[in-house]
Amino acid sequence: MDELEKIRGDINSVDERILEALADRHKLAERIILAKDQLGAPIRDALREEQILASLIERGRSRGLDAHLITRVFHEIIDDSIRSQQLHLLGYQKSGLKRVAFQGIEGAYSELAGRKYFAPYLDQTLFVGVNTLEQVVNSVEDEDVDYGLLPVENTAAGSINEVYDLLSCAQLSIVGEEVLRVEHCLLAFEEVPLANIRRIYSHPQALAECMKYVSKLPNCQGLPYADTAMAVKKVKEEKDPSVAAIGSEEAGRLYGLKVLRRNIEDQANNYTRFLVLAKKPSAVDLRIPCKTSLIMATPHEEGALLKALSLLHEYRINLSKLESRPIPGMPFQYIFYIDFEGNTAEDRVAQALEKLRSATTSLKVLGSYPTQHRSRTQPKIEILAGGPPEAVEASAEPAVPAQEKVSYRLASREHKKEDTIIAVGGARIGGPGFVVIAGPCAVETPEQIRKCARQVKECGGQLLRGGCFKPRTSPYSFQGLGFEGLQMLAEAGREYDLPVVTEVLSPADVEAVARYADVLQVGARNMQNFSLLSEVGRSSRPVLLKRGMMSTMEEFLNAAEYILDRGNHQVILCERGIRTFETATRNTLDLGSIPILKRLTHLPILVDPSHAAGRRELVTPLALAAHAVGPHGLIVEIHPEPEKALSDGPQALRFSEFAELMRRIYQG
Ligand code: PEP
Ligand code: MN
């Protein structure tokens, strides 16, 4: 016990040193902005951030700290520094009480968003709950409060129409935004079995975000209530064990309810964006990345919207949102809400808006405000993989031989000359880059997939793979953990900031799998399962399509065509070996297909050396050979303990072998 106490004491003093160091660094941020101000220097210097990160990772490694930990910690530290530099430039006064109106009572999501936004000034901020969104607007207009908070859109349930309608009439400006990750809990008076719950109260928006979850509970009804926190309070007061509320964990704690389930939202990544409104617009320093919002109506004539949008394009203005709403009292006429990157104080934006005035019947600028989305400098892959990269041969635009007649159309270079580049999280698949996807054949335990995720991230891999529904030759082999495995995969991906790839076997599962997976894999055995191809073709997730082991390249491209034809244009091809008379390898890796497919199609192409080789010792040489023929990346199986793997253990690279492979790919 003495020993435990002593270690705890040591931990406390280390924490104290960390705190002091953080406070020192925070103070330096306040000083550096003054120095930058004098020089007119930008807040951020991407090159310097990259260098700092690279050097910290290297020095951290020599002390036994992993690159992911260093990256995460310093992302937060750099973010804090940028936030406080921005606040300085915004001239926020540290004195004077500010009153902030939100809809609901204490514990509502709007209040949580407000607490996040005003975090540096919480001691001088008074949150005032009001009953309706309209009252939020009114109290800012009447100057009863300094700011108002309005939820404007949710990533699962979409835009909040009422707020858009309020904005069109309000005499207010948007001065800020906040994005809150919304994690809904099912809260009840006491621990009761889910089957006993008959009524669930919450705000209609929260009910909509958890619709699938609620509909699966037997004999249970979702009932709308004014606000999530009020619903929580009501359940506490009713003391009825058959009643529950959907709300935040904080609201549950505040009103003394028990959490029956966490994260019951239908979409794994559920965020709500809030706007901060004030009576007057605020001027935002040009060095702060900004968004501008406006409302416009165009004449009811051919090409009017196109004309307005092309004006913005002419001034290189990047739209981040376009929304239309009916004009009250004018059936089938619409106004448009637009968000774009830029600040009305920039010449280019001012000129664009001036021109836009003459192309619209009404134009109302709602305000320019700092964007909440701050890009984070990522460590370079070669730093992670341990050295400078080999120059990857740029993919020259291949000419299409005129006489070739092919049976597919959308997949062909004739249809689209330039390479398709598919963005998944921060990774770009296709074009000049080279991505590595790695992970176990199958997800087995939370620990196993976490370890793999960590290794993938540490070595510079960009996506995490892991099978949850396994297509096994024998019905007696391990079939995968199904949706339970998918949760583990998604969790590991989230922890290590890696998008995840998993195979989907049945058309009926596509929608559910797509909720968690960033990329849907169609396996070699299903390459010509046309109903599955059609279903993934209707999904909005990118699809990794593996070449059937008995398929020609033309059949392969026709399979891709099914997906493209259904409207999903994000198809990634994968060569994984074909069946030949040779038995020394599991399949014969057809590397010749890579340069040929690159001529025939604009779609990105990966190579899977693992399933082709079937044996670990062949994976690295085949991967290096594959790299030389110019695919857009690799997908490789790894396992912390291949001997114990439940599937494809003999071909899984050990962690050290994967690290060495990555070093050889990126270092040469
Ligand atoms: C896999 O990637 O786990 C897999 C089963 O691959 P394939 O469909 O290529 O056999
Ligand atoms: Mn496998």
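A. Seen up close, the overall build of the protein. A tally of helices and strands in the protein yields 22 helices and 25 strands. The C-alpha radius of gyration of the protein comes to 27 Å, within 12% of the 26 Å expected for a compact globule of 668 residues. Along the longest, intermediate and shortest principal axes, the C-alpha atoms of the protein span 80 × 80 × 65 Å. When each of the 668 residues of the protein is scored for burial, the buried share is 51%. Across the protein, contacts joining residues at least 24 apart in sequence account for 75% of those joining residues at least 6 apart. For the protein, the computed accessible surface area is about 31,300 Å², with 53% contributed by carbon and sulfur atoms.

B. How the structure looks around the site of ligand 1. The full set of residues close to ligand 1 is Arg 465, Lys 470, Glu 503, Gln 521, Gly 523, Ala 524, Arg 525, Lys 546, Arg 576, His 611 and Glu 637. Between ligand 1 and Arg 525 there is a distance of 2.8 Å, counted from an oxygen atom to a side-chain nitrogen or oxygen. Separating an oxygen atom of ligand 1 from a side-chain N or O atom of His 611 is a distance of 3.4 Å. In terms of residue class, the shell around ligand 1 is made up of one nonpolar, three polar and seven charged.

C. Spatial organisation of the pairing of strand S7 (residues 199–202). Alignment of S7 against strand S8 (residues 221–224), held across four bridges, turns out to be parallel. What sits directly across from Arg 199, in S8, is Gln 221.

D. Main features of the layout of surface pockets. A volume near 650 Å³ is recorded for the second largest pocket. As for the second largest pocket, its lining consists of 27 residues, of which Asn 263, Glu 265, Asp 266, Gln 487 and Tyr 516 are closest to the centre. Top element by residues in the lining of the second largest pocket is helix H15 (residues 482–495). It accounts for nine residues. Here the lining of the second largest pocket is built from residues that sort into 11 nonpolar, three polar and 13 charged.

E. Inspection of the coordination of the manganese ion (ligand 2) at higher detail. All of the protein donors around the manganese ion (ligand 2) are Cys 441 (SG), His 611 (NE2), Glu 637 (OE) and Asp 648 (OD); their distances to the metal are 2.0 to 2.4 Å. Here the donor residues of the manganese ion (ligand 2) share one chain and are spaced in sequence as C-x169-H-x25-E-x10-D. Highlighted residues: Glu 637 in strand S25 (residues 633–637) and Asp 648 in the loop between S25 and helix H22 (655–667), separated in sequence by 11 residues. Accessibility expressed as a relative area gives 1% for Glu 637, which makes it buried.

F. Here's a closer look at the pairing of strand S2 (residues 125–130). Direction of pairing for strand S1 (residues 98–103) relative to S2: parallel, over a ladder of six bridges. Note that in S2 the partner of Phe 102 across the bridge is Gly 129.

G. The packing of aromatic side chains, seen in detail. Taken as a whole and judged by the stated rule, the model has eight aromatic pairs. Pairing Phe 118 with Phe 127 gives two aromatic rings, centres 6.5 Å apart and planes at 70°, and the pair type is edge-to-face. You can call Phe 118 buried: its relative accessible area is 2%. For Phe 127, a relative accessible area of 15% corresponds to the buried category. Here the aromatic rings of Tyr 164 and Tyr 337 are separated by 4.5 Å at their centres, their planes lie at 75°, and the arrangement is edge-to-face.

H. Broad picture of empty space enclosed by the protein. All told, the structure shown has five cavities of 30 Å³ or more when counted by the stated rule. If you add up the space inside the largest cavity, you get close to 170 Å³. Arg 83, Leu 87, Leu 90, Tyr 117 and Gln 372 are, among the 13 residues lining the largest cavity, the residues nearest its centre. Per-element tally for the lining of the largest cavity: the top contributor is helix H3 (residues 67–90), with four residues. For the lining of the largest cavity, the per-class residue count stands at eight nonpolar, three polar and two charged.

I. Main features of the environment of Arg 664. As for its position among the elements, Arg 664 is in helix H22. The spacing of Arg 664 and Ile 288 is 376 residues in sequence and 40 Å in space, taken between C-alpha atoms. With near-sequence residues (within four places) excluded, Arg 664 lies in contact with Thr 620 and Leu 624.

J. Up close: the sheet that holds strand S6 (residues 185–188). Strand order in the open sheet formed by five strands is S8-S7-S9-S6-S10, with mixed pairing between adjacent strands. Either end of the sheet is taken by a strand with one partner, and the two such strands are S8 and strand S10 (258–261). Neighbour to neighbour, the strand axes of the sheet diverge by 35° on average, direction disregarded. Of the pairings in the sheet, the one linking S7 to strand S9 (residues 243–247) comprises three bridges and is parallel in character. Looking at the pairing, Ile 200 lines up with Ala 244 of S9.

K. Representation of the pattern of salt bridges within the structure. Taken as a whole, this structure holds 41 salt bridges when the rule is applied. With a shortest N-O distance of 3.4 Å, Glu 323 and Lys 321 are connected by a salt bridge. In terms of burial, Glu 323 and Lys 321 fall into one category: buried. The closest approach of N and O atoms between Arg 413 and Asp 419, which form a salt bridge, is 2.8 Å. Owing to a relative accessible area of 18%, Asp 419 belongs among the buried residues under this scheme. Salt bridges here are not isolated pairs; linked through shared partners, they connect Glu 153, Glu 177, Arg 273, Lys 291, Lys 321, Glu 323 and Asp 339.

L. Representation of the side chain of Asp 66 within the structure. On the secondary structure map, Asp 66 appears in the loop between helix H2 (46–61) and H3. Within polar-contact distance, the side chain of Asp 66 engages the side chain of Arg 454 at 3.3 Å. With residues up to four places along the chain from it excluded, the contact list for Asp 66 reads Arg 454 and Glu 458.

M. Quick look at the sheet that holds strand S15 (residues 362–370). Strand order in the open sheet formed by four strands is S13-S14-S12-S15, with antiparallel pairing between adjacent strands. If you trace the sheet from one side to the other, it starts and ends with strand S13 (318–327) and S15, each paired once. Strand-to-strand twist in this sheet, taken as the mean axis angle between neighbours without regard to direction, amounts to 15°. In terms of strand pairing, strand S12 (residues 290–297) meets strand S14 (residues 330–341) through six bridges, oriented antiparallel. When the sheet's bridge partners are listed, Met 296 is paired in S14 with Phe 336. Packed on one face of the sheet, helix H12 (residues 347–359) meets S12, S14 and S15 and runs near 160° to S15.

N. Spatial organisation of the nonpolar core. Residues Leu 464, Val 536, Leu 545 and Leu 573 are the most contacted members of the largest nonpolar core, which totals 69 residues. Top element by residues in this core is helix H18 (residues 553–565). It accounts for seven residues. Grouped together as the second largest cluster of nonpolar side chains are 30 residues, Ala 108, Leu 112, Ala 113 and Val 243 included.

O. The arrangement of the confidence of the model for the protein in detail. Looking at the protein as a whole, the pLDDT averages 92, with 97% of positions reaching at least 70. Predicted confidence for residues 387–393 stays below pLDDT 50, and this span has 16 contacts to residues more than four positions away or in other chains.

P. Molecular detail of the environment of Val 163. As for its placement among the helices and strands, Val 163 is situated in helix H6 (residues 161–169). Each C-alpha atom of the pair Val 163 and Leu 133 lies 7.3 Å from the other, and the pair is 30 residues apart in sequence. Val 163 has contacts with Leu 133, Leu 150, Pro 151 and Val 152, leaving out every residue within four places of it along the chain.

Cut-off values and rules
Within each chain, residues carry numbers counting from 1 in the order of the written sequence. All chains are assigned letters beginning with A, and all ligands numbers beginning with 1, in the order in which they are written. Totals for whole chains, interfaces and linings use all residues, but because this is a predicted model, local features are given only for residues with pLDDT of at least 70 and pairs of side-chain atoms are given and counted only at 80 or more. Heavy atoms from the whole structure form the basis of all side-chain values; hydrogens and water molecules are not counted. Helix and strand labels come from DSSP, where a helix needs a run of H or I of at least four residues and a strand needs a run of E of at least two; each type is numbered from the N terminus. A radius of gyration in this sense is built from C-alpha atoms; the matching globule rule multiplies 2.2 Å by the number of residues raised to 0.38. A 1.4 Å probe rolled over the protein chains alone gives each residue an accessible area, and that area as a share of the maximum for its type sets the label: buried under 20%, exposed over 50%, partly exposed in between. By definition in these notes, contact holds between two residues if any of their heavy atoms fall within 4.5 Å. Accessible surface is estimated by sampling points in the Shrake-Rupley manner with a 1.4 Å probe; for residues, cover comes only from the protein chains shown. Neighbouring residues are identified by heavy atoms, a residue being near a molecule or strand if any of them is within 4 Å of it. Pairs of N or O atoms within 3.5 Å make up the polar contacts considered here, provided that, within protein, one atom can donate a hydrogen while the other can accept it, and that residues adjacent in sequence are counted only when both atoms are side-chain atoms. The classification used treats Ala, Val, Leu, Ile, Met, Phe, Trp, Tyr, Cys and Pro as nonpolar, Asp, Glu, Lys and Arg as charged, and all other residues, Gly among them, as polar. When DSSP finds at least two bridges between two strands, those strands are taken to pair. Cavities and pockets are defined on a 1 Å grid built over the protein atoms alone: a cavity is a set of grid points where a 1.4 Å probe fits but cannot escape, while a pocket is an open set with protein on both sides within 12 Å along at least five of seven lines, and lining residues are those with an atom within 4 Å of any such point. Grid points are joined across faces, edges and corners, and a volume is the space filled by probe spheres set on the points. In this description, a donor is an N, O or S atom within 2.8 Å of the metal centre, a cutoff extended to 3.2 Å for sodium, potassium and calcium. Water is not part of the atom list, which can make sites seem incomplete. Working definition: a ring pair exists when centres of Phe, Tyr or Trp rings (six-membered ring for Trp) sit within 6.5 Å. Plane angles under 30 degrees give stacked, over 60 give edge-to-face, the rest tilted. Axis definition: a line fitted to C-alpha atoms, limited for helices to the stretch in contact. Angles are taken between N-to-C directions and run from 0 to 180 degrees. Salt bridges are defined as contacts in which a side-chain nitrogen from Lys or Arg sits within 4 Å of a carboxyl oxygen from Asp or Glu. Only buried residues count toward a nonpolar core, which is a set of Ala, Val, Leu, Ile, Met, Phe, Trp, Tyr and Cys residues joined through side-chain atoms within 4.5 Å. The score called pLDDT rates the predictor's confidence residue by residue, from a low of 0 to a high of 100.

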